[in-house]
Amino acid sequence: MNITSAEKILTQAEVICQQRSVRLTPQRLEVLRLMSEQNGAISAYDLLDLLRVSEPQAKPPTIYRALDFLLKQGFIHRVESTNSYVVCHHFEDPSHISAMLICDRCDSVSEQHADGVEDILKSLALKSDFTLGHSVIEAHGFCQMCCEIEACTHQDACHHDHSVQSKKRGR
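Residues numbered from 1 in each chain as written. Predicted model: local features only at pLDDT ≥ 70, side-chain atom pairs only at ≥ 80, totals over all residues. Heavy atoms only, no water.

## Description of the sheet that holds strand S5 (residues 136-141)
Point 1. Read from one edge of the open sheet, 3 strands run S4-S3-S5, paired in mixed fashion. The two strands at the open ends of the sheet, each matched to only one other strand, are strand S4 (109-113) and S5. The average undirected angle you get between the axes of adjacent strands in this sheet is 25 degrees.
Point 2. The pairing of strand S3 (residues 98-103) with S4 spans 5 bridges and is antiparallel. Bridge pairing in S4 links Leu101 to Ser110. (Pairing = 2+ DSSP bridges. Helix = DSSP H or I, 4+ residues; strand = E, 2+ residues; numbered from the N terminus. Axes fitted to C-alpha atoms, helices over the stretch in contact; angles between N-to-C directions.)

In structure tokens:
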């Protein structure tokens, strides 16, 4: 993510917290900043390692409290299948349903609006007298670059990085 996007995310979060009268502490803001600098999802412990650069005393509860706050405010999503977290790029719309497209080779996560799927979920919920809260759909596969690498048959004479192996997902 570029610096402008990270700055925009942090500014947006500060404004929303003021509107909601919730406290975006410097530590919570720092965790959000660190996350906004990632290209994809990050585990809590990897995030803790990054936080320890500026706050050497940080412990696991520190990071989990910050993540809980950011999740509750809708600023981040938890990627359940990889036990990691990613910044939400649509948190100005707290009721949106996101589809997380997760690359099984490079671990990148792309958040997309789940148009159409959202209508189906709302319809299913209505039929069941169920009130939707927060919904995230996760789908695994390969991003464009990794798809190209996986399809490459000339590993000895190409420019691709074949050192990363795809994670086999299955049941």
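## Remarks on the UniProt feature "binding site: Fe cation" (unreviewed entry) in the chain
Point 1. Within the UniProt annotation, "binding site: Fe cation" (unreviewed entry) is assigned to Glu118.
Point 2. Here Glu118 shows up in helix H5 (residues 117-127).
Point 3. Classification of Glu118 as buried rests on a relative accessible area of 15%. (UniProt positions renumbered as here; feature names shortened; annotations may be inferred. Buried < 20%, exposed > 50% of the residue type's maximum accessible area, 1.4 Å probe, protein only.)

## Here's the deal with the pattern of salt bridges
Point 1. With the rule as written, the count across this model stands at 5 salt bridges.
Point 2. Of the charged contacts in the structure, one is a salt bridge between Lys122 and Glu118, with a shortest N-O distance of 3.3 Å. Note that Lys122 and Glu118 are positioned in helix H5 at a spacing of 4 residues, about one turn of the helix.
Point 3. Through salt bridges that share partners, Glu30, Arg33 and Glu37 make up one connected network. (Salt bridge = Lys/Arg side-chain N within 4 Å of Asp/Glu carboxyl O.)

## Let's talk about the nonpolar core
Point 1. With 27 residues, the main nonpolar core has Val31, Leu32, Met35, Leu67 and Phe75 as its most contacted residues.
Point 2. Secondary structure elements with two or more residues in this core: helix H1 (3-20), helix H2 (26-36), helix H3 (44-54), helix H4 (60-72) and strand S2 (84-87).
Point 3. Filtering out sequence-adjacent residues up to four positions away, Met35 remains in contact with Ile42, Leu47, Leu67, Ile76, Tyr85, Val86 and Val87. (Core = buried A, V, L, I, M, F, W, Y, C linked by side-chain atoms within 4.5 Å. Contact = heavy atoms within 4.5 Å.)

## Concerning the domain arrangement of the chain
Point 1. By the assigned domains, the chain splits into domain 1 (1-89) and domain 2 (97-170).
Point 2. When each unit is reduced to the centre of its C-alpha atoms, the spacing between domain 1 and domain 2 is 22 Å.
Point 3. Carbon and sulfur atoms make up 56% of the surface buried where domain 1 meets domain 2, a total of about 780 Å² over both sides.
Point 4. Contact with domain 2 buries area across many residues of domain 1, yet His77, Val79 and Ser81 alone supply 50% of it, more than any other trio. (Domains from an automatic or database assignment. Buried area = accessible area lost by both parts, 1.4 Å probe.)

## A look at the side chain of Ser98
Point 1. Tracing the sequence through the fold places Ser98 in strand S3.
Point 2. Reaching out from Ser98, the side chain makes a polar contact with the side chain of Glu111 at a distance of 2.5 Å.
Point 3. Not counting residues within four places of it along the chain, the set of residues in contact with Ser98 comprises His77, Glu111, Gln112, Ala114, Ser135, Val136 and Ile137. (Polar contact = N/O pair within 3.5 Å; in protein donor to acceptor, adjacent residues only side chain to side chain.)

## Here's the deal with the UniProt feature "binding site: Zn(2+)" (unreviewed entry) in the chain
Point 1. With numbering matched to this structure, UniProt assigns "binding site: Zn(2+)" (unreviewed entry) to Cys103, Cys106, Cys143 and Cys146. Across 44 residues in sequence, these annotated residues keep their C-alpha atoms within 8.2 Å of one another, forming a single compact spot.
Point 2. If you trace the backbone, Cys143 turns up in the loop between S5 and helix H6 (144-151).
Point 3. Classification of Cys143 as partly exposed rests on a relative accessible area of 24%.
Point 4. If we skip the residues at most four places from it in the chain, Cys143 touches Cys103, Cys106 and Ser108.
Point 5. With respect to the element layout, Cys146 can be found in helix H6.
Point 6. Residues within four places of Cys146 in sequence aside, it is in contact with Cys103, Arg105 and Cys106.

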